[in-house]
Amino acid sequence: MLSPIDIEVIRNALSAAAAEMDVTVWRTSRSTIVRELLDYSTAVFDADGWNLAQSARIPQHLNSMSAALRTLLEKFVVAEDWGPDDVVITNDPYCGGQHLPDIVAFRPVFHEGVRIAYVGTLCHHIDVGGLAAGSYAAKATEIFQEGLRIPPVKLIERGVRNEAVWSIIRQNIRKPDLLLGDLQSQIASLEVGRTALARLAARYGAEAMLEASKRILDMSEAAMRAAIAAMPDGTYAFTDQLDDDGIDLGKPIMLNIALTIAGETVTVDLSGCSPQVQGPTNATLASSNSAVMFALMSAALGGARGENFAMNAGCYRPITVIAPEGLVVNARAPAPVAHRVAITHRLLNAMYGALHQAVPERIPAAYYGCSYVTTFQTVRADEKRDVLVEIEIGGSGAAPAKDGVNAYSSGMHNNSNIPIEMIEAQMPLTITRYALLPGTGGDGQYRGGLGLVREWRVDSPRCFFTANMDRFFSQPYGLAGGEAASVGKLDLLRGTTTTPIPPKSDNIPLVAGDIVRLETSGGGGFGPATARPAAARAADRRMRYV
């Protein structure tokens, strides 16, 4: 039997393997959305497909990858026919995926003929076809318009590339060299993870690895139950909303949640959320569960008893989610889901609003709660086309004893920004402004973080611009008397004329000299504004935050 020290050594080694996989993707990927924006995740799973260890990457991905792998094993791939040199991929949201740009890849790990684990990577690829470059079409009304759907399939079988699958992918996307390069990066990452686990198994043996996996998950479950038990029992309700789905303009999408804490378990009822919508602002249940799990795990980590435990599938066991099919949080095929992260961002905000009622000392005000997705497809004089996908951010919400952070990647994503020099060196675009936006954070005893402003100038003869955004009408809320933050704004500057751009728009034609300007939301304030110290007010003015 393994000692507690052995368990900790193995647990940390598994986390190190996930981190090695992370670095491999970063160092070998081709596209700016993966290499610079860092929109990818890596993880290690037990022999049954449950998340065991993960890199410090994207919560939206990491808390759903188990669901993807479990779906593959339950419905699409026979585990006994999945060999050690086989790589299975999919991007289909209705086969366990997220949205079509996210291609997830898995590979089993064996030791002396015994399957001991799986390793997995997920990358947001720069384009998988569809109505708009970047495959983030704002006006899609069914998933078939959003891009290439890849069912669960062996991309590599017995160590040999399935060339037919590679050819189908290449033929249906706008930037094949970038996507296929990033896919090779994922495959390399899986090999790094497999090698790390093989080293570990050579030291401890297959049976010990299986025992350690079970005990690691059980330990996280026990810690999660203890953290929940420390929260006051009760039912806590909260509502947040999205502006609309881009099709039925002006009709808010409601997220009504009821969170019930009973002893060491939590039930989250999402039955009151809006029915699924025509546009792509829908999410599958796996996506929505990511937000629920992230909210509860992050709240548990701040527990009064100082719980500190490994984030893995063991943490999911005390949590039950109720979400009937056909809602925006559990969409039914073939609903479009490209902007599913808008749902999960806002669901996280709603979860935090409910949790604030239970543990007010741990929960911050609302962050910007939206991925501001912008896509430019430039067309040069020789008809060469390039694609840029950027995901902008805003300000984080103020905490119970701390100001919010300015222009900080919060909540369901964990992205970096793409360096201006990288964009301008590779594409006929110029970033003419990139700065914090004064006055965008909600006022309060503690001020919300500031949003930002970013401007792109088109330098090619032609360009097509797509936007998929929210928070242009519904403000990020404040808590405990704090004020709400600003809303977003998107404009086209052409000569001396400024024209508003709808935040959910596809393929707007631009010409050389046009400037697209985006202003993002700040975070909500915490506590009454009258309680903010004079010294803090003076510092705000000195730093030009207001």
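Relevant structure appears above.
Every chain begins its residue count from 1, and numbering advances along the sequence as written. This being a predicted model, a pLDDT of at least 70 is required before a residue's local features are given, and a value of 80 or more before pairs of side-chain atoms are given or counted; all residues contribute to the totals for chains, interfaces and linings. As a convention, hydrogens and water are excluded, and side-chain values are obtained from all of the structure's heavy atoms.

Trainee: Tell me about the overall build of the protein, and please be specific about residues and values.
Mentor: Put simply, DSSP marks the helices as runs of H or I at least four residues long and the strands as runs of E at least two long, and each gets a number from the N terminus on. A tally of helices and strands in the protein yields 11 helices and 20 strands. Radius of gyration here is computed from C-alpha atoms only, and the compact-globule reference equals 2.2 Å multiplied by the residue count raised to the power 0.38. Here the C-alpha atoms of the protein give a radius of gyration of 23 Å, agreeing with the 24 Å that 2.2 N^0.38 yields for 546 residues. Per-residue accessibility, obtained with a 1.4 Å probe over protein chains only, is compared with the maximum for each type, and a residue is labelled buried under 20%, exposed over 50%, and partly exposed between these values. The burial tally for the protein puts 62% of its 546 residues in the buried class. For this analysis, residues touch if any pair of their heavy atoms sits within 4.5 Å. Expressed as a percentage of contacts within the protein between residues at least 6 apart in sequence, the contacts between residues at least 24 apart total 73%.

Trainee: For the packing of helix α1 (residues 4–28) against helix α6 (residues 176–204), give the residues involved together with the corresponding values.
Mentor: The contact between α1 and α6 brings their axes to 8 Å, and the two run at 160°. Looking at the two axes, α1 sits roughly antiparallel to α6. In this structure, α1 meets α6 at a crossing whose hand is right-handed. The segment α1 lies against α6, with D6, V9, I10, A13, L14, A17, E20, M21, T24, V25 and T28 engaging S185, A188, S189, L190, V192, G193, A196, L197, R199, L200, R203 and Y204. Any residue outside Ala, Val, Leu, Ile, Met, Phe, Trp, Tyr, Cys, Pro, Asp, Glu, Lys and Arg is labelled polar, Gly included; the first ten of those are nonpolar and the last four are charged. Residues that form the contact of α1 with α6 fall into these classes: 14 nonpolar, 5 polar and 4 charged. Structural elements are reduced to axes, namely lines fitted to C-alpha atoms, with helices fitted over the stretch in contact, and the angle between N-to-C directions of any two is expressed from 0 to 180 degrees. Throughout, the term roughly parallel applies to angles under 35 degrees, roughly antiparallel to angles over 145, roughly perpendicular to angles from 65 to 115, and oblique to all others. When the near helix sits turned anticlockwise from the far one by under a right angle, the crossing is termed left-handed; a clockwise turn instead gives a right-handed crossing.

Trainee: Give a detailed account of the sheet that holds strand β3 (residues 87–90), specifying residues and quantitative values.
Mentor: Two modes of strand pairing occur in sheets, parallel and antiparallel, and in both the strands are linked by backbone hydrogen bonds. With antiparallel pairing, the 7 strands of this open sheet are ordered in space as β2-β1-β5-β4-β3-β6-β7. The open sheet has two edge strands with one neighbour each: β2 (51–54) and β7 (160–161). Across the sheet, α1 lies against β1 (40–45), β2 and β5 (114–124), angled at about 150° from β1, the strand it touches most. Lying over the sheet, α6 contacts β1, β3, β4 (102–111), β5, β6 (153–157) and β7, oriented at roughly 25° with respect to β4. Paired strands are those between which DSSP finds at least two bridges.

Trainee: Account for the side chain of D240, with residues named and values stated.
Mentor: With respect to the helices, strands and loops of the structure, D240 is situated in strand β8 (residues 234–242). Classification of D240 by relative accessible area gives buried; the value is 7%. Nitrogen and oxygen atoms within 3.5 Å of one another constitute a polar contact, given that in protein one can donate a hydrogen and the other can accept it, and given that sequence-neighbouring residues count only through two side-chain atoms. A polar contact of 3.3 Å, which involves the side chain of D240, links it to the side chain of R471. In this view, D240 contacts I253, M254, L255, R346, N349, A350, R471, S474 and Y477; residues no more than four positions away in its chain are not counted.

Trainee: Residues and numbers for the pattern of salt bridges, please.
Mentor: Salt bridges are defined as contacts in which a side-chain nitrogen from Lys or Arg sits within 4 Å of a carboxyl oxygen from Asp or Glu. In this structure the tally under the stated criterion is 42 salt bridges. A salt bridge links R380 to D386, with the shortest nitrogen-to-oxygen separation between them at 3.0 Å. Given the relative accessible area of 28%, R380 is considered partly exposed. Across the salt bridge formed by R494 and D514, the nearest N and O atoms sit 2.6 Å from each other. A residue pair is termed long-range when its members are at least 10 positions apart, and R494 in strand β17 (residues 489–494) and D514 in the loop between β19 (504–511) and β20 (515–519) qualify at 20 residues. Judged by its relative accessible area of 40%, R494 is partly exposed.

Trainee: Quick one: what's the story with helix α9 (residues 340–358), residue by residue and with numbers?
Mentor: Quick reminder: α-helices carry 3.6 residues per turn. Residues three or four places apart thus point the same way. The end-to-end C-alpha distance of α9 is 27 Å, a good match for the 27 Å that 19 residues give at a rise of 1.5 Å each. Across the 19 residues of α9, 18 count as buried, placing the element largely inside the fold. The span one expects for a helix is its residue count, reduced by one, times 1.5 Å.

Trainee: Could you give me a rundown of the nonpolar core, with the residues and numbers involved?
Mentor: A general tendency of soluble globular proteins is for nonpolar side chains to be buried together. L14, I169, L259, L296 and V329 are the most contacted members of the largest nonpolar core, which has 144 residues in total. With residues near it in sequence (within four places) discarded, L14 still touches V44, L52, A53, L197, L200, M209 and I216. Side-chain atoms within 4.5 Å are what join buried Ala, Val, Leu, Ile, Met, Phe, Trp, Tyr and Cys residues into a set we call a nonpolar core.

Trainee: Requested: an account of the packing of aromatic side chains, with residues and values cited.
Mentor: Pairing of aromatic rings covers Phe, Tyr and Trp, the last counted by its six-membered ring, and requires centre-to-centre distances within 6.5 Å; plane angles under 30 degrees mean stacked, over 60 mean edge-to-face, and any other angle means tilted. Following the criterion strictly, the structure yields 7 aromatic pairs and no others. Ring centres of Y368 and Y372 lie 6.4 Å apart, and the angle between their planes is 35°; on these two criteria the pair is classed as tilted. As far as the burial class goes, Y368 and Y372 line up, both buried. On the basis of an interplanar angle of 45° and a centroid distance of 5.3 Å, the ring pair of F376 and W456 is categorised as tilted. One end of the pair, F376, is in strand β12 (residues 372–379); the other, W456, is in strand β15 (residues 452–458), and 80 residues separate them in sequence. Taking the relative accessible area as the measure of exposure, W456 reaches 0% and is therefore buried. One aromatic cluster is present, built from ring pairs that chain together Y367, Y368 and Y372.

Trainee: Talk me through helix α4 (residues 65–76); I want residue IDs and the actual numbers.
Mentor: In a regular helix each residue adds 1.5 Å, so 12 residues correspond to 16 Å; α4 covers 15 Å between its end C-alpha atoms and thus fits that length. Every buried residue belonging to α4 is among M65, S66, A68, L69, T71, L72 and L73, and all of these are buried. Residues of α4 that are buried sit in contact with β1, β2, α3 (59–62), β3, β4 and β5.

Trainee: I'd love a proper account of the pairing of strand β9 (residues 253–262), names of residues and values included.
Mentor: Here β9 shows a buried face lined by I253, L255, I257, L259 and I261 and an unburied face lined by M254, N256, A258, T260 and A262. Note that β8 and β9 share 9 bridges and pair antiparallel. Looking at the pairing, T239 lines up with N256 of β9. As paired strands, β9 and strand β10 (residues 265–269) are joined by 5 bridges and run antiparallel to one another. Each residue of the ladder has a partner; that of L259, found in β10, is V268. Linking β9 to β10, which pair antiparallel, is a turn of 2 residues; within it G263 sits at a positive phi near 65°.

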